[in-house]
Each structure stands twice: as structure tokens, then as C-alpha cells.
Amino acid sequence: MTDVQKNGLVPYLLANRAFVAPAVEQAVGAMDLSGRTRLLDAGTGAGGGLVALARAAGPGARVLAVDSNPDVLDLAREHARAEGVSERVQVRAADLVDVLDEAAGSGEGFDAIWASDVVWPGNFDDPGALVARAARALAPGGVLGLFTSNYYQAMFLPGHSRLERAARTASELNWGIPSGGPAHYELHTVWMEAAGLLDVRVDVFPRVGSPVDADPTVRPYLENAVWPELRESLVKRGADAGLSSDEVAEAERLLTPGHPDYIVDTAGYYTVHPTLLAVGRRPSD
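Residues numbered from 1 in each chain as written. Predicted model: local features only at pLDDT ≥ 70, side-chain atom pairs only at ≥ 80, totals over all residues. Heavy atoms only, no water.

Enquirer: Can you help me understand the overall build of the protein in this one?
Expert: When its secondary structure is counted, the protein shows ten helices and seven strands. Relative to a compact globule of 285 residues, whose C-alpha radius of gyration would be 19 Å, the protein shows 19 Å and is just as compact. Structurally, the protein occupies a C-alpha span of about 60 × 40 × 30 Å along its principal axes. Buried residues in the protein amount to 49% of all 285 residues. Of the roughly 12,400 Å² of accessible surface on the protein, a fraction of 49% belongs to carbon and sulfur atoms. Taking the average location of the 24 positive side-chain charges in the protein and that of its 38 negative ones, the two points are 3 Å from each other. (Helix = DSSP H or I, 4+ residues; strand = E, 2+ residues; numbered from the N terminus. Rg over C-alpha atoms; globule rule 2.2 N^0.38 Å. Buried < 20%, exposed > 50% of the residue type's maximum accessible area, 1.4 Å probe, protein only. Areas by Shrake-Rupley, 256 points an atom, 1.4 Å probe, with all protein chains shown as cover. Lys, Arg positive; Asp, Glu negative; His and termini not counted. Charge placed at Lys NZ, Arg CZ, Asp CG, Glu CD.)

Shown next, in the form of C-alpha cells:
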């Protein structure tokens, strides 16, 4: 987690939850959860997947939502209560590895596991090993869904390709995540195949902000989640990403609300987020 996200965690989580919600609902729907009764929301955060999971699985389902940060769980609880599904969910502060190992060892695996922007090298040094753990924690025939907002393939700065590429690189450097190799953040299906899951596939659920103010979630997402992180990364690691001091200053102007050069206020501005869902199924016994 970057310094900006530590200092503005609640606005970040709420803005992210609201913006991604339509894609999450579609992605959960694509997992075909009807009739599944024991579900895990792994790394629930503000509860972005919690409501969709509870509704998709039906009134007889129970969703265990876990997060290692107890400070965010009240957001998930309140979200479930406000959306009328609190009786179907249990929210718990716990280490995800412990929860998965407990399920695998008990013989009572989960019918479905959902993880949104959780399984990546920003959180786990070896995300492939975490996916293997999740596969073992599934009941026979259970499904694993790894959802990602696909942040590093999103278009945030149309018309500024060099700055956007460099901003992504600066962000990778600031997070300390690999730009390639077996732990790269795009390899969800590779980890699933290695874990022995079947019917592995990827679906895309794009979030498009065009025109930008037609969707009230777009500006809060950009201004509370995206721009602070990119500005921080550019200031700290922009030079390492190949930008001159003038280019870093230009990028900062583009990403600063209220500045005359603020890109979101440019006529015709749009953003595109090609969110992804990777799904795999544990073999039936």
C-alpha cells in the first residue's frame, strides 16, 4: 500500500467500490453461483464483492468475508446491512492464508472463493502459491474467481501515451512489484492452471467513463484512488521511469483537480478500465 492510500484509505476504498461495482456484479454473475452455499470473499476490504456474492448465491447461502485489516471491516458490515444481506454474511478479521489452510484441512471446502484485487505481488511475494492454497480450499467442483480491476492496462491519460506508460512504470517501482516473471500481476490463469484447476477462462467487464460526468462514480474514483497514487509514484519514481523533471511536472498538472491543465476537464475526456475475471474449477471427486 502506498503512502497516499495509507493516509486516505477510507475514501480510496469507497470510491473504488462504487466505481467497480457494476463490473463486479457482472463478474460475480458469470461465476454461476446459484445453489452454492459456502462462499469466501477473500480480502473483502470495503465489501465490494460481498453484496453481489450474497445475492447471486441466494438466501440459503452464507458468505464469509475476511480481511487482514480490521479497520476496514466496518465498511463491509455497513455495506451488507444497507443492501439488506447482512443475515447471509459473516465478516471476520483474519489472515487469508490461515482461512484457506483451515478450510483445506477441515475437509469442508468452500463452494466458491472470490478475490478482488487481492492475489497479486503487491500482497503476496508468490501469488501462484496462494492460488494453489485457494484451490485446495475449494470443495470438489468448487469455483475460484480472481477479479482484477486491471489497473495497469486502464486508459487514464488519453492523448498522453508516453506519460501514461511511464506513470505505470513509476507505479510498479513505487509498489516494488515485478514488471515480469512468474509473479507478474497479469498471470492469474497461469497460476490457476498450475494449481490443477479445470475450465480456466478469462472474461472482460469494461468500465467506461464517457462522457466523464454521466457516471457519478468516475470523478471520485479518479480523484480519490487513481490520481493520488499516480502523482505519488511519479514524484518518487518518475525519473527512474525515464521522465524528465519537466515531464513529471506536466503529468502532475494533468492529474491535479482545479489546475487549468486538469485532464478530466478537457472536452471529450474519457477513461477505460478493462476489468478481468479469471475463473477455474476444482475437479469433482
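Enquirer: Teacher, can you tell me more about unusual backbone geometry here?
Expert: Glycine aside, the phi torsion of most residues is negative, and most peptide linkages are trans. Look at the link from Ser210 to Pro211: it is a cis peptide, with omega at -10°. Despite not being glycine, Asp32 has its phi angle at roughly 55°, a positive value.

Enquirer: Teacher, can you tell me more about the environment of Pro257 here?
Expert: Within the fold, Pro257 resides in the loop between α10 (245-254) and β7 (271-281). Remark: the alpha-carbon pair of Pro257 and Arg219, spanning 38 residues in sequence, is separated by 9.8 Å. If sequence neighbours within four positions are ignored, Pro257 has contacts with Glu223, Arg231 and Tyr262. (Contact = heavy atoms within 4.5 Å.)

Enquirer: Could you clarify how one ought to interpret the sheet that holds strand β3 (residues 89-93) in this entry?
Expert: Whether parallel or antiparallel, the strands of a sheet pair through hydrogen bonds between backbone atoms. Spatial ordering of the open sheet is given by β3-β2-β1-β4-β5-β7-β6, a layout of seven strands whose pairing is mixed. This sheet does not close on itself; its edge strands, each paired only once, are β3 and β6 (198-209). Ignoring which end each strand starts from, the neighbouring axes of this sheet average 15° apart. Judged from the six bridges that link them, strand β4 (residues 110-116) and strand β5 (residues 138-148) form a sheet pairing that is parallel. Within β5, the residue paired with Ala115 across the bridge is Leu146. (Pairing = 2+ DSSP bridges. Axes fitted to C-alpha atoms, helices over the stretch in contact; angles between N-to-C directions.)

Enquirer: Help me out: how do you make sense of the side chain of Ser171 in this one?
Expert: By the element assignment, Ser171 lies in helix α7 (residues 161-175). Those residues in contact with Ser171 that sit more than four places away from it in its chain are Tyr151, Tyr152, Glu229, Leu230 and Ser233.

Enquirer: Would you mind going over the nonpolar core with me for this structure?
Expert: One broad rule of soluble globular proteins: the nonpolar side chains tend to lie buried together. Counting residues in hydrophobic clusters, the biggest one holds 67 residues, and the most contacted among them are Leu33, Trp114, Phe156, Leu222 and Trp227. Each residue touching Leu33, except ones within four places of it in the same chain, is listed here: Val28, Leu39, Leu53, Ala56, Ala57, Ala112 and Val143. Core analysis: the next-biggest nonpolar cluster, separate from the first, contains 28 residues, Val66, Val118, Val119 and Leu130 among them. (Core = buried A, V, L, I, M, F, W, Y, C linked by side-chain atoms within 4.5 Å.)

Enquirer: Can you walk me through the pattern of salt bridges in this structure?
Expert: Side chains that differ in charge, positive against negative, can pair when their charged atoms come close. In the structure shown here, the tally under the stated rule is 15 salt bridges. In this structure, Asp240 engages Arg237 in a salt bridge whose closest nitrogen and oxygen atoms are separated by 2.6 Å. Bridged by salt links that share partners, the residues Asp213, Arg219, Glu223 and Asp265 form one connected network. (Salt bridge = Lys/Arg side-chain N within 4 Å of Asp/Glu carboxyl O.)

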